[in-house]
Every structure is written in C-alpha cells, then in structure tokens.
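Observations on the three-dimensional arrangement
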Amino acid sequence: MARSKKISVDRRGFLKGAAAGAAALVARPEAAKAQDAAEVHRPATPTPLPGAKQTASETTPPPHVDVWTTDRPGSDFMVDVIKTLGFEYVAANPGSAFRGIHESLINYGGNKAPELLTCCHEESSIAMAHGYYKIEGKPMMVMAHGTVGLQHASMAIYNAYADRVPVYLLLGNIQDGAWRRSDVEWAHSVQDAASMVRDYTKWDDSPVSLGGFAESAVRAYKIAMTPPMEPIVIVADAVLQEEPIPEADRGRLQIPKLTLASPPAGDYGAIKEAAKMLVAAENPVIVAGRVARTPEGINLLVQLAETLQAPVIDRNLRMNFPTAHPLYGAGTVGGADVVLGLEVPDMWQVTHTQTPVNKMGMESKRVTKPGAKVITIFAGDLFGKSNYQDFGRYDEVDLAIAADAQATLPMLIDECRKLITADRKAVIQARAAKLAEVSRRNRERDIEQAAWGWDASPVTTARMAAELWNQIKTEDWSLVSDVTFVSWWPRRLWDFDKPYHFIGGHGAYGVGYGAPAAVGAALANKKHGRISVNIQCDGDLNYAPGVLWTAAHHRIPMLNIMHNNRAYHQELMYVEDMAARARRGVDRAGIGTAITDPNIDYAMMAKAYGMFSEGPIENPNDLGPAIKRAIEVVKKGEPAMIDVVTQPR
Amino acid sequence: MQRLLLLALIAVLACAQSPAGDAKHGKELFLSFGCYSCHSFDGHGGAGARLVPMPLNQAGFTAFVRNAGRMPSYSSKVLPDEKLADIYAYIKSLPTSPDAKNIPLIQELLKEN
C-alpha cells in the first residue's frame, strides 16, 4: 500500500495543472458508477435524439479535466534500456502483462531495433531466439506473460539451457495485488515469476524500480553472454511499465554501460600439461562438442587439429570443423591414446558404449584403450545445477580444464607448437596421409550408401539430402535444422565449411524446437541473402505450426523440406523395443505413435498459413524439380515448403 | 566372431527344416510388426541395417531375429517361425538398389570427394 501511495503522489506531481488531482483520482469511479446505473435503467424503447443540453455536454470541454494519459510511461524508459543492448528483434505472443512495453516498443521505439515479431506460441518465441542466436551470435529478446506465457515457453527454455544458448526473456507480471484490475490479472500474476524456470536459467531478477530495471537488464545481458552462455529472465513489473516515470526519477535515471566479460580461458599450467600429453601422443583424437562460438572458433580448431594431425570427431552440436577436411571423422575414441574433449557436455557417453534400449540391465563398457588419457576443456565445469540432469554421468578423466574451449585454444595451440621437436614433427606428419585416406574412404562409403533405395517410395532421407545438395551447392546456403532424424545425411554428403552452414540440434531433445528454431535462424540469415534450408520433421511441426505463419508474415526466406515419415518415429521404435522385451504385441506399437489416418497434408497447411508449397511428393524423381521451383520462391524473399513423404530415417 | 559362427551353425542345422514363406503375407507382417521402422519400407536400411540384398539364409535370419544384437529380439511367442518365414520371403522379393555408377547425382558427389 505504501508503494501505491507513493506512486499516486508522484502522479499528481506529474499531472501539472490538475489542481484537484486527488479529487480526480476518486472522480472516475463515481462517474463509472453513474454510467453503470444508466446501463441498468436503459429504456426498452428507442433512445430519442439528444437534446440541446446533452449536445452541449458532449461538445463543450468539461470544467474539470481528469488527465488519464501520460507522454512518458515507465515502459518508455524500459525501451530506452532495451535499445542500448542492441537487440535486432523481440519475439512475442501478445500478452496483457507486458502490454505497456509492447506499446512503447512499437510507438516510442518505432518498432526498430528491436522489431517486434508476431509469434503464435511462446514456445515458438523462445525457439526462434534459440535458432537466431546460433547464426547471429547474439541474443534475441523474447517477451511473455510471467504465468501462462512462461508455462508455454518453459520446454523451449530448457532446450536453450541444455544447448548453452543465451535467450533474453522479459516477463510481464503485476507484483502488487492492489494494482490488479480483474480476475484475469489475478490469474496472470505470480509472486515469483522466474521460479518456474529457475532450474534451467542462469540468472533472473524482478526489479521494483525503473532504476533497478536498468541495472538488472544490463547485468542480465552480461551474464547470459558469459560462457557458459544460458537463458536469463527479467521480470518487468506492469505497474512500472504502465505508470508515468516518477517526476523525481526523471533527472536521475541512468542506463549503465554494458561491458561483456571476456570468456574464461584455462589455467596456464593445465594448458601446458595438456599440450605435453597431446604432442607426445601417437594417436590423439579431438572430440568437438559446442566448441565454435564465433567463426574464429572453427579456424582455431582447424589449427589445433592440423598442428597435431589429430582427427576430429564432431558431435554435431555446432558448426565446429569443415566436413571435407582430411581430418574430419578420421579416427575413433577407441583407437586413441589421448582423447581431448572440447565443450563436450557428456564425455562419459563418448568414452563408453551405450546400452541398447532393448536390453535388460545396463552393460556399458569403457571404449578407451587401457592407459589412454582423457583431457577435457569444458565451460560447463564452471556452472551447474542439479535438478534437471542434462549433465550426464560423471566421467573419469585425467585432466579437466574448467574453461571456455575457444578462449583456451590459442594458448593450447601455441604450447603444442612450442613442444613439437623435429622428431615429433616427423611422427605427426607421418600420420597425416593415413588419416586423410581414412577420411576420404569414410566419405566415399557414405556417398555409395546414399544410393541404397535410391528409387524407393517413400523417398529415402539420403536421396532427399542428395537432391537438396544438388540444388543448393552453388548457392550461399545455411542448414537451419538438426540432422539426427534424417540419419545425419546432410553432414555425410554436403560440404560444411562456413560458420553458418550448420546450427546443431535441440539441446535437450525437446521436440517442437525444430520449426521455430529454423525460422529464427533463417531470420538471422535474411540480411545476408543466404538460402536457409530446414529439413522439418512432421511430429515437430505439429507442436506449434503457427510459426509457418510467422515466417510468411515477416517475409522470412527459407526452404522447408518436410521429412514426413508420418510417425513420432523414435517413440515408435522405443515402443517396439518394449513390446519385444515383454514378448507381446509388437504389431501394436503404432498405437499412439503413428501420425496417420488421416495423413496430414503439410502443403495444404503451409498454404493456409500463406506460404508457397508443393506436395506431398512420393515419387523421388519429382523431388529435384520441386526443390528448384521452391528455391526460386525463396530467392524472391519468401518462405516455401515441399512436403516429402519419406522413409522413417 | 563367435556369435557369427554360432549363427552359421544354427543356420546350417536348421536349413533343411525351414518352412517356405509367403511373400504377400510377409509384406503385411513386415509392415504390421514395424520391421520398416528401422530397415525402411523397401529394406534399404535406416536406423537399422540394410536387408536388401539379404546376406543370411532363412535359418540364419530366424536365428538372428530370435537373439538379435542392437535390434529387439523377437521371441517365437511374438513371431512364430512360420511368420518369420513369410517375412523372409518378402525381404527376398524386394528389388535391389540401382548401381551407384548409374546414378548421376551419386557420381557427382563422388567426383567432389
């Protein structure tokens, strides 16, 4: 109540000339009551034309002006703060709890930097920000209700958290119960909004003044962008948004300068020890997780691999290493005497076999050779939470460097170079030709396997990838989708060498990420004129297909190729596993997993959302020409979809 | 290796008593029992191994399915020998893939390699 009193006093000060300010504040309810009474006693007969008195009352300024407007709401200052952080876009499904900022963004802020993106679901908003970051390298802002919006958004936030992606989430909330106007506002208010996602965000705050908002907003950006990067939450109180900036604050409100923290590099002694082990190794192997944060990360990883002539096993979490490089995939963890894990979130899984789902019990075994050494450089060692268990099993390693890998690589490369004597250089160079041959044969094997089922209908995922590559290889392209559910074919057939060629995957395998992340990534590619390619799983799209409308509405050019296998296919296989284990009803595994009867017409769905589309395509020979036509649409700046009925994987 | 030898032995011993399968019924079973989900509708592989061309004889195939490695093991209660024979007959009837040498896109990819 004390706060309400303060604000009403400040407001009276702000309303210059309203001599009876306090009276005005109470006058409205009386007027409203009178109006209500008039409504109740409205006559059943037609209302007669207004008389002279009534006409005069509606055309003459009233003697007392009750000012209910302001030219300086608190949300304008919030927009001032937001603009200093350099967001290009803010994604949101509209919500009353942040209506003040919404209005300020589009009018006071001119709907530029950031520009508002209309989203049909908060999960889409967050996943769009997730995909956008992985191309642009900086966060997108998202706005949502502190209650119902955040509930929608929460799975996508968990994906971003597990994928080490900074998402800047601003929640609206009415903290003070005395300011809630209706049952809707009560239902949409919460004591501690961020608590719902605190287990999988890095930091949050609920500032109670505009000055506090400015400081927390800038601090949140810094925290989100310091490796390990993670989503953050700022709660913007609706009263602060909607009430005028207090007169007393106007001269003293400040926006702090943003200074990003340098990413943490490894301890020098530990780096020297790692270099010693790597240079002395006969068969070192590098395992790449989320290594490259910037284009320089790719260059550094290439330098390290070439310095050591160490094969790189890429976990497909980021664009880390060129797929046509002679060291790409040219070794195994089992064959190594030193394994270097760079930003690998689950090293245990790298060093052990995985127990098949169809087996009773656990039977994982360590795959590293006896005596092999394991080194990790992992920013995840600097930050962790316990409730959600995305961190994996504890792995026994020989040297763990708690640091950001990309920031550590320059020192590690230097130390390795210092230690390479002429003898070691000869040994290292001797393995180069062998590794190049392994890599070439791997690639050749993959290409030849792409021929399997070439003419089959439904279309094989290998053929789909080959047909796509044939159309995009001379373009400036960007794959804005994961590859797990299409048997990694694009990574096996295409030449990935630019930072934007690949964005990795979900983070936490939360399905529903794919379509909106692709739209966000394609948006980041838009200003560069790149052809964004999204291989879109059918089950994923059905979570929130409204993102197709967002892509069409905002003219986001992207080629969507439906991987329409008509099932939640991973789950179908799991249920088959369970049924076979239980020795019953394997033929019933499609219950609850198949997406058939009726089949979904995705081309029609895309058309309904205003997107060019073709399909469903079942004859593989029809695919190439259809892709060509769709790319012509994309080149004109529009999204397009080709629905391809595909083999399961 | 020991596992393969065992499967081969079982295959040889069982070969004489393997029932001949019905490919048409085998197709129905291939679909209803979800074989396609890992091996694709035409048996060309996916999450699971390539089945076409089938490297095992019928007895070896049956022995493998009963006690598989990474794929689910189908007991005779779930899939009796007669049904497996039908599935085997269907797999054997599936067309093989075209030769990679006759696919221009594959040849282009090989040239780029």
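Keep in mind that this is a model prediction, so the values were computed, not measured. For every chain, the first residue of the written sequence is number 1, and numbering continues from 1 along that sequence. Key to labels: chains lettered from A, ligands numbered from 1, both in the order written. Totals for whole chains, interfaces and linings use every residue, but because this is a predicted model, local features are given only for residues with pLDDT of at least 70 and side-chain atom pairs only at 80 or more, for both listing and counting.

1. Re the interface of chain A and chain B
Condition: Throughout, a pair of residues is in contact if the C-beta atoms placed from their backbones lie within 7 Å. Note on conventions: DSSP H or I runs of at least 4 residues are helices, E runs of at least 2 residues are strands, and numbering of each starts at the N terminus. Only Asp, Glu, Lys and Arg are considered charged, only Ala, Val, Leu, Ile, Met, Phe, Trp, Tyr, Cys and Pro nonpolar, and every remaining residue, Gly among them, polar.
In this complex, chain A contributes 34 residues to the contact, which on the side of chain B involves 31 residues. For the side of chain A that touches chain B, the secondary structure elements donating two or more residues are α16 (422-449), α17 (461-472) and α22 (569-581) of chain A. A per-element tally of the side of chain A that touches chain B places α22(A) first, with 6 residues. Here the residues of the side of chain A that touches chain B sort into 16 nonpolar, 7 polar and 11 charged.

2. Thoughts on unusual backbone geometry
Quick note on the threshold: Three classes are used. A residue is buried when 20 or more other C-beta atoms lie within 10 Å of its own, exposed when 12 or fewer do, and partly exposed in between, with C-beta atoms placed from the backbone.
The linkage connecting A:Ser457 with the following residue, A:Pro458, adopts the cis geometry, with an omega of 0°. With an omega dihedral of 0°, the bond running from B:Val52 to B:Pro53 counts as a cis peptide bond. Position of B:Pro53 among the secondary structure elements: in the loop between α3 (35-39) and α4 (58-66). Its identity as a non-glycine residue notwithstanding, A:Asp597 has a phi of 55°, on the positive side. By C-beta crowding, A:Asp597 is classed as exposed, having 7 other C-beta atoms within 10 Å. One non-glycine residue with positive phi stands out, namely B:Ser40, at about 75°. As for its position among the elements, B:Ser40 is in the loop between α3 and α4.

3. Brief notes about the packing of α17(A) against helix α24 (residues 623-635) of chain A
Residues and elements named next belong to chain A. Put simply, the rule reads: Every axis in this analysis is a line fitted to C-alpha atoms, fitted for helices over the stretch in contact. Angles between the N-to-C directions lie between 0 and 180 degrees. Here the angle decides the label: under 35 degrees means roughly parallel, over 145 means roughly antiparallel, 65 to 115 means roughly perpendicular, and every other value means oblique. Whether a crossing is left-handed or right-handed is set by the direction in which the near helix is turned from the far one by less than a right angle, anticlockwise for left-handed and clockwise for right-handed.
Running from N to C, α17 and α24 point in directions that differ by 45°, and their axes come no closer than 9 Å. One way to sum up the angle between α17 and α24 is to call them oblique. You can see that α17 and α24 cross each other, and the crossing is right-handed. Residues Met 464, Glu 467, Leu 468, Asn 470 and Gln 471 of α17 touch α24, and the partners they reach there are Leu 623, Gly 624, Ile 627, Lys 628 and Ile 631. Grouping the constituent residues of the contact of α17 with α24 by class yields 5 nonpolar, 3 polar and 2 charged.

4. Quick look at the sheet that holds strand β12 (residues 477-479) of chain A
Residue and element names in this part refer to chain A. Under the convention used in this document: We treat two strands as partners when DSSP finds at least two bridges between them.
One open sheet holds the 5 strands; their spatial order is β12-β13-β14-β16-β15, and the pairing between them is parallel. Strands at the two margins of the open sheet, each flanked by one partner only, are β12 and β15 (612-617). For this sheet the average axis-to-axis angle between neighbouring strands, irrespective of direction, equals 15°. Of the pairings in the sheet, the one linking strand β14 (residues 558-564) to strand β16 (residues 639-645) comprises 7 bridges and is parallel in character. Bridge pairing in β16 places Ile 561 opposite Ile 642.

5. Brief notes about the sheet that holds strand β10 (residues 373-377) of chain A
Residue and element names in this part refer to chain A. Read across the sheet, 5 strands follow the order β8-β7-β9-β10-β11 without closing on themselves; strand pairing throughout is parallel. Sheet topology places β8 (312-314) and β11 (399-401) at the edges, where each strand pairs with a single neighbour. Between one strand axis and the next, the sheet turns by 15° as a mean value, whatever way the strands run. Note: strand β9 (residues 338-342) against β10, 5 bridges, orientation parallel. Bridge assignment links Val 338 to a residue of β10, and that residue is Lys 373. Strand contacts of helix α13 (residues 295-308): β7 (284-288) and β8, with the helix running at about 165° to β7, the strand carrying the most contacts.

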